[in-house]
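# A look at the structure
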Amino acid sequence: MTLESLATATFIGALVVLVSVVGVRLAGRLGVPGLLLYLLLGLGLGSLFPGMHMSNAELATVLGYSALILILAQGGLTTRVDELRPVMWPAITLASVGVAVSIAIVAFPLVWWFDVSTQTAIIIGAVLAATDAAAVFSVMRKMRLSSRVRTLLEAEAGFNDAPVVVLVLVVSSGSFGEMPWWQIPLIVVAELIGGAVIGAIVGFAGRWLLPRLALPAVGLYPIAALALLVGAYGLASVVHTSGFLAVYVAAVFIGSAARLPHRRSIIGFADGLAWIAEIGLFFMLGALADISSLPSAIPLALVVSGLILVIARPLAAVVSLVPFREHRSTVLFTSIAGLRGAVPIVFAAIPLGLGVPGAQLMFDVTLIATLVLMIVQVPLIRVAGMRLGIVKKDEVVELELESAPLDGMNAQVLGIEVPPESRLVGTFISEVGLPDGAVVSLVVRGEEPIVPDINTRIRAGDRLLIVTTEEARGAAEARVRAIAHDGRLAGWARRPPARP
């Protein structure tokens, strides 16, 4: 690349990013994820401008892996251990047993009814069994979901990349068909255990190291944290274990540390990198596709999409969650909310780069199926969530803001919107009964900010700001949820004394 071509590339790249950022807002109004816009933009530019078409599938896979590392790191940093712990085993089951069920439901009909080779059918079923971390984080965090369901789906997306990529690599290898079938699940399990162990080691090392670094600039802390997470992937991959699982596990442990310095700076930096990674990833995959070969894959892609929507995902949710006695509404919502995105397409590029027979068909089917599933599922998720009661209008949400003083004081800010049906309505501030270390510091009523006192009564439509220490945050959230659900007498026998 020359300096002249660098100037052109940077201009076009900046223009694409700006269009993509603005497109997020437009896509949201249309009820589709902005990630879909990036993919379509890549498809369009790759077909209109042949010079922008990407033909190196191996390079695309490398870049895709790099982007997924950043996306998983951001997702893990914003997932708290105390939220993950209650849903960890259901999420792991969804990411393992659920993936196996989905692969079987998709692969068997392809082999028996459509005369697709076993290798091709397994790879198509495997890549489309993985839910997409970027899509799940992007869509679910814009919805007012209960924290349990949101964490369950995000954890599944964080966990299921690992077994799928291992399976795809094994099946795409030249030794497929020669090794006994029972060795494949053993290899997958061994790599997952190794990745989880390395991730936990790096995560605990980061929790110990970062507060003790005493770096001279705030901006160095996000770089150090990200270096630890990228290092977790590299270390796990070098010893032939799951790098993706290592990144996610390490990020969860580091992000949940009570004494993580400059938390907001670290999470904000990771969030920005994840957005750039998502935009670049979807655009690149769109540019990798060959428009001329897509029409012939449409019938098979529609069949696969139908199998996933109607049978594979619902059955995977039932088999994985019913043994844990999850509520029926949670099982039903999970059966709809398995979002696909860039991850299946990245994994479908692996056999394309390796020159596996039928790889072009795998890639084309995966790309079309991903588009179909995105268009169908995202609007359906919102409607189903409301009808099933999974979307909580009075859910506590954390405000994303950058504030070094709050980090220094070990404090966080929680934002609460009070809908008309919430039983917070009519409650005096003095009756909220937050634990020591938490206080309602501001009430925003319409456009007017109000500093509350003991006589301030909460009204429908109010927005409350609660300042809380890290230690008191969990109890403060639990108390607000209890009052919103049961009223001011919720847990009165155990309620702490009212704050002045």
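Residues numbered from 1 in each chain as written. Predicted model: local features only at pLDDT ≥ 70, side-chain atom pairs only at ≥ 80, totals over all residues. Heavy atoms only, no water.

## Notes on a nonpolar patch on the surface
Side chains of Val97, Val310, Ile311, Leu315 and Val319 sit close together on the surface and give an oily, nonpolar patch of about 390 Å² of accessible area. At four residues, the largest contribution of residues to the nonpolar patch is made by helix α13 (residues 298-321). Inspection of the secondary structure assignment puts Val310 in helix α13. What makes Val310 exposed here is its relative accessible area of 63%. (Patch = residues over 30% accessible without salt bridge, like charges linked within 9 Å, V, L, I, M, F, W, Y side chains within 5 Å. Areas by Shrake-Rupley, 256 points an atom, 1.4 Å probe, with all protein chains shown as cover. Salt bridge = Lys/Arg side-chain N within 4 Å of Asp/Glu carboxyl O. Helix = DSSP H or I, 4+ residues; strand = E, 2+ residues; numbered from the N terminus. Buried < 20%, exposed > 50% of the residue type's maximum accessible area, 1.4 Å probe, protein only.)

## Considerations on the packing of aromatic side chains
All chains considered together, the criterion is met by six aromatic pairs. Considering the side-chain rings of Phe159 and Tyr248, the 5.4 Å spacing of their centres and the 80° angle between planes classify their relative orientation as edge-to-face. One end of the pair, Phe159, is in helix α8 (residues 147-172); the other, Tyr248, is in helix α11 (residues 243-255), and 89 residues separate them in sequence. Neither residue differs from the other here; Phe159 and Tyr248 are each classed as buried. Centroid distance Tyr233 to Phe244: 5.6 Å. Interplanar angle 45°. Geometry classified as tilted. Residue Tyr233 is located in helix α10 (residues 220-238), and its partner Phe244 is located in helix α11; the two are separated by 11 residues in the primary sequence. Cluster of aromatic residues (ring-pair linked, three or more members): Tyr65, Tyr233, Phe244 and Phe347. (Phe/Tyr/Trp six-rings, centres within 6.5 Å; stacked < 30°, edge-to-face > 60°.)

## Here's the deal with the nonpolar core
Counting residues in hydrophobic clusters, the biggest one holds 127 residues, and the most contacted among them are Met140, Phe244, Leu281 and Phe347. Other than its neighbours up to four places away in sequence, Leu281 contacts Gly64, Ala67, Leu68, Ile71, Ala342 and Val346. Core analysis: the second largest hydrophobic core is formed by 18 residues, Leu414, Val418, Ile429 and Ile450 among them. (Core = buried A, V, L, I, M, F, W, Y, C linked by side-chain atoms within 4.5 Å. Contact = heavy atoms within 4.5 Å.)

## Brief notes about the pattern of salt bridges
Where side chains of opposite charge bring their charged atoms close, a pairing between them can arise. The full count for this structure, using the stated rule, is eight salt bridges. Between Arg80 and Asp82 there is a salt bridge; the shortest N-O distance is 3.4 Å. Judged by relative accessible area, Asp82 falls into the partly exposed class, the value being 39%. Three or more residues joined by partner-sharing salt bridges are found here, namely Glu83, Arg150 and Glu154.

## Some remarks on unusual backbone geometry
The backbone of His262 shows a phi angle near 55°, a positive value even though the residue is not glycine. Mapped onto the elements, His262 comes out in the loop between α11 and α12 (263-288). Residues other than glycine seldom take positive phi values, yet Arg325 does so here, at roughly 60°. Within the secondary structure, Arg325 is located in the loop between α13 and α14 (328-336). Judged by its relative accessible area of 79%, Arg325 falls in the exposed class.

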